Amino acid sequence: MALFELPPFKHTLIDDIPSIVSRLRKTYSSQKTRPAEYRIRQLRQLYWAMVDNEKELLEALDRDLRKSTFETYAAEINFITNEIIFATQSLHQWMKDETPADIALMDKLLTPKIRKDPLGVVLITGPFNFPVHLSFSPMIGAIAAGNTVVLKPSEQCPNSAAVMQKIMETALDQDCYACVQGAVPETTALLDQHWDKIFFTGSARTARIVAQAAIKNLTPVALELGGRNPAIVSKHANIRLAARRLLWSKTMNAGQVCMSQNYILADRVVVPDLIQELRVAMKEFFPGGAKKSADFSRIVNINSFNRIKKMLDESSGKVVIGGALDAEELFIEPTVIEVTDPRDSVLVEESFGPLLPILPVDNLDHAISTANEIHETPLGIYAFGTLAETDKVLAGTRSGGASINDGLFHGIIPNLPFGGVGDSGSGSYRGRASFDCFTHRRSIIHTPSWMEPMLALRYPPFTNTTKLHRYNRMTLLKPDFDRNNNQKINIFWYLLTLGSGTAKSGAFRATMLAAVAFLLKRYTCGELRLRRIQ
Ligand code: NAD
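Residues numbered from 1 in each chain as written. Predicted model: local features only at pLDDT ≥ 70, side-chain atom pairs only at ≥ 80, totals over all residues. Heavy atoms only, no water.

S.K.: Got a minute to help me understand the site of the ligand in this structure?
M.R.: By nearness alone, 26 residues border the ligand, and Lys-152, Glu-155, Thr-206, Leu-225 and Glu-350 come closest of all. A distance of 2.7 Å separates an oxygen atom of the ligand from a polar side-chain atom of Thr-206. Within the contact set of the ligand, a nitrogen atom lies 2.3 Å away from a backbone nitrogen or oxygen of Leu-225. A molecule is said to occupy a pocket when more than half its atoms come within 2 Å of that pocket's grid points, and by this definition the ligand occupies the largest pocket. Of all the secondary-structure elements, those providing two or more residues to the shell around the ligand are helix H8 (184-191), strand E5 (197-201) and helix H9 (204-215). Each residue belonging to the shell around the ligand can be placed in one class, and the counts come to 11 nonpolar, 11 polar and four charged. (Near = heavy atom within 4 Å. Polar contact = N/O pair within 3.5 Å; in protein donor to acceptor, adjacent residues only side chain to side chain. 1 Å grid on protein atoms, 1.4 Å probe; cavity = no way out; pocket = protein on both sides within 12 Å on 5 of 7 lines; lining within 4 Å. Sits in = over half its atoms within 2 Å of the grid points. Helix = DSSP H or I, 4+ residues; strand = E, 2+ residues; numbered from the N terminus. Nonpolar A, V, L, I, M, F, W, Y, C, P; charged D, E, K, R; others polar.)

S.K.: What's the story with the packing of aromatic side chains in this structure? I'm lost.
M.R.: Two aromatic rings, taken as a pair, are described by how far apart their centres are and by the angle between their planes. Counted by the stated rule, this structure contains 11 aromatic pairs. Judged by centre distance (5.5 Å) and plane angle (40°), the ring pair of Trp-94 and Phe-435 falls under tilted. One end of the pair, Trp-94, is in helix H4 (residues 69-95); the other, Phe-435, is in helix H16 (residues 432-437), and 341 residues separate them in sequence. Ring geometry for Phe-285 and Phe-286: centres 6.3 Å apart, planes at 80°, overall edge-to-face. Among the aromatic residues, those joined into a ring-pair cluster are Phe-199, Phe-418, Tyr-429 and Phe-438. Here Arg-430 stacks its cationic end above the ring of Tyr-429, 5.4 Å away from the centre of that ring. (Phe/Tyr/Trp six-rings, centres within 6.5 Å; stacked < 30°, edge-to-face > 60°. Lys NZ or Arg CZ within 6 Å of the ring centre and 35° of its normal.)

S.K.: Please explain the sheet that holds strand E7 (residues 229-233) as it appears in this structure.
M.R.: Note: strands within a sheet are paired through backbone hydrogen bonds, in either parallel or antiparallel orientation. The strand order E9-E12-E13-E8-E7-E14-E15 describes an open sheet built from seven strands, whose pairing is mixed. Since the sheet does not close on itself, it has two edges, and those belong to strand E9 (318-321) and strand E15 (401-404), each with one partner. For this sheet the average axis-to-axis angle between neighbouring strands, irrespective of direction, equals 25°. Direction of pairing for strand E14 (residues 380-384) relative to E15: parallel, over a ladder of four bridges. In the strand pairing of E15, Tyr-382 is matched with Ser-403. (Pairing = 2+ DSSP bridges. Axes fitted to C-alpha atoms, helices over the stretch in contact; angles between N-to-C directions.)

S.K.: Honestly, the side chain of Thr-187 in this entry has me stumped. Any pointers?
M.R.: Mapped onto the elements, Thr-187 comes out in helix H8. Those residues within four positions of Thr-187 in sequence are excluded, and the remaining contacts are Thr-125 and Lys-152. (Contact = heavy atoms within 4.5 Å.)

S.K.: Is there a simple way to think about the sheet that holds strand E2 (residues 121-125) in this case?
M.R.: Read across the sheet, six strands follow the order E4-E3-E2-E5-E6-E17 without closing on themselves; strand pairing throughout is mixed. Each edge of the open sheet carries a strand with a single partner, namely strand E4 (177-179) and strand E17 (425-426). Relative to strand E6 (residues 221-224), E5 is paired through four bridges, and the arrangement is parallel. Within E6, the residue paired with Phe-199 across the bridge is Ala-222. Against the sheet, helix H7 (residues 158-171) engages strand E3 (148-152) and E4, with an angle of about 155° to E4.

S.K.: Even after reading the chapter, I still don't get the layout of surface pockets, so can you show me in this structure?
M.R.: Using a probe with the size of a water molecule, rolled over the atoms, empty space left in the structure can be pinpointed. Put simply, the largest pocket is a space of about 1200 Å³. Put simply, the parts of the chain that give the lining of the largest pocket at least two residues each are H8, E5, H9 and helix H12 (302-314). The element that contributes the greatest number of residues to the lining of the largest pocket is H9, accounting for six residues. Partitioning the lining of the largest pocket into residue classes produces 15 nonpolar, 16 polar and 10 charged. Inspection of the lining of the largest pocket shows a minimum of three residues originating in each of domain 1 (32-225 + 432-442) and domain 2 (230-409). (Points joined across faces, edges and corners; volume = space filled by probe spheres on them. Domains from an automatic or database assignment.)

S.K.: Which parts of the structure should I look at to understand the environment of Gly-120?
M.R.: As for its placement among the helices and strands, Gly-120 is situated in the loop between strand E1 (113-118) and E2. Here Gly-120 falls in the buried class, since its relative accessible area comes to 0%. (Buried < 20%, exposed > 50% of the residue type's maximum accessible area, 1.4 Å probe, protein only.)

S.K.: Looking at this model, I keep getting lost on the nonpolar core. Mind explaining?
M.R.: In summary, soluble globular proteins display a tendency toward joint burial of nonpolar side chains. Core analysis: the biggest nonpolar cluster contains 83 residues, and Phe-136, Met-139, Val-233, Ile-264, Leu-278 and Ile-358 have the highest contact counts within it. Per-domain counts for this core show at least three residues from each of domain 1 (32-225 + 432-442) and domain 2 (230-409). Leave out the neighbours within four places in its chain, and Ile-358 touches Ile-264, Ala-266, Val-271, Leu-274, Ile-275, Leu-278, Val-336, Ile-337, Glu-338 and Val-339. Ranked by size, the runner-up nonpolar core spans 30 residues in total, among them Ala-290, Leu-355, Ala-371 and Ile-374. (Core = buried A, V, L, I, M, F, W, Y, C linked by side-chain atoms within 4.5 Å.)

S.K.: Would you explain the UniProt feature "active site" (unreviewed entry) in the chain in this entry?
M.R.: If you check UniProt for "active site" (unreviewed entry), the listed places come out as Glu-224 and Cys-258 in our numbering. In three dimensions, the annotated residues from a span of 35 residues occupy one location, with a maximal C-alpha spread of 9.3 Å. Of the residues annotated just before, the largest cavity has Cys-258 among its lining. Note on placement: Glu-224 falls in strand E6. Structurally, Cys-258 is set in the loop between helix H10 (239-251) and strand E8 (261-267). Using a relative accessible area of 16% as the deciding quantity, one classes Cys-258 as buried. Among all residues touching Cys-258, those that are not within four sequence positions of it are Asn-129, Leu-225, Gly-226, Gly-227, Asn-229, Glu-350, Phe-352, Leu-379 and Phe-418. (UniProt positions renumbered as here; feature names shortened; annotations may be inferred.)

S.K.: Mind showing me how you'd approach the environment of Pro-7 here?
M.R.: With respect to the helices, strands and loops of the structure, Pro-7 is situated in the segment before helix H1 (17-29). As a C-alpha pair, Pro-7 and Ser-234 span 227 residues in sequence and 50 Å in three-dimensional space. When sequence neighbours within four positions are dropped, the list of residues in contact with Pro-7 reads Ala-162, Val-163 and Lys-166.

Here it is as structure tokens:
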């Protein structure tokens, strides 16, 4: 029997969707969400609703993914409550007008500034793997930035989605924030509406549908996609450390993590040691086996289970650790596969499950070129080796983010912007970046009336060439380079900066020189005085 009565998952009626969106648009136009105090109050109410529904969330995530209590607190509940606290404490600072740097002296008379306007009415759609975290985290940014929001959680985790709806309905102003439940038909109906931004987290396949729908109204999108991330292990890496960390990042949520490594490229001389250390780490993490462990999640549903099984069946690699599957329990054992073909199914497709393929490579260059061939722009890269080697990996590859000597850890550091590049996504969020993601930076100037005589030269007629001469004198920059790409030295600037390039470091050097001169003077005077006394 269930520990808790959870609220039922109910599809939103498709016919209701247009009126939900127009209600939110009407409220947005009323400027209700503009004051910082209003946004902070909503976020604080969300915080307490998270706390009040903690047990329901634990139960829901257990039912949806058999997520452990530790992972539910660490990666779902605590992540969100911390993010709310950080946002409420920082909001006044984030909302402040900014004075842009590098504005010419004359233009400063116009008091240029950047105001942080909300975008308007935004749609956020969540994925299934961290159903609370990856839906509420962008929503916190959208609320903080003053938008009204429709959230569509993943239907693949119906219990979590239902608890999230309950949380939103008890905590948040229903005229500003709505939870729409459903699958493809409901999302399609949502995408038919006009949005001021769509924030999508999920697969690249669905992202193409979302982007196509957005283009109709030229709606900006943030796409958080994923997968096919390489881990690279050099022959100088600490193999025990690499094995433990890569096993951790692939067994969290049973490998259903967009950031976890999809495959490992290991120098062939260390492959036997790496497999042995993975075996040791597996015993340490799951002493009675992963199936019996309360810390190992299940695959979200039978479709996903069959997809991962098919990848395994089609692989020509050799299973060296694990390999057990149980469809009834949706259980897939953490499985290490030694592969020889870089086009193997377990390498080129995103497993989004607990598969750890290892492809032996000849050296670091071979690893880098193989990773680039498989996927040029993964969400993450994980390099293990010396500093010179990991720097070489960073220089030779592209990715949304990277953890050096670790798996996926950069992706769970609060407030570190998180996002993809190329086909792993666009746009980033978390902490301040979430606020920026849902904010329009509106450039504003105020032209004082007393400037009219100075501005007269911008008005026609332009028959008199003196206007152009004066205009050029005021605005044209002189190149500090010649036609042969040589840097020209401005003798006045050189003297001012003491050759350091910037006035700031020039000033620093000048201060240091003055200090040395002062000390020398004191010292020599002191010496002289001493001699005189003697
Ligand atoms: P998904 O693309 O199947 O679903 C995501 C959302 O899109 C869901 O809300 C779903 O209802 C909706 N959707 C699905 N099909 C649709 C369609 N045809 N038309 C309109 N809407 C549709 O993704 P998922 O299975 O929930 O998540 C797994 C994928 O997400 C993996 O590829 C993973 O790498 C990626 N992911 C990325 C991140 C990230 O932050 N970069 C995080 C988690 C997951």
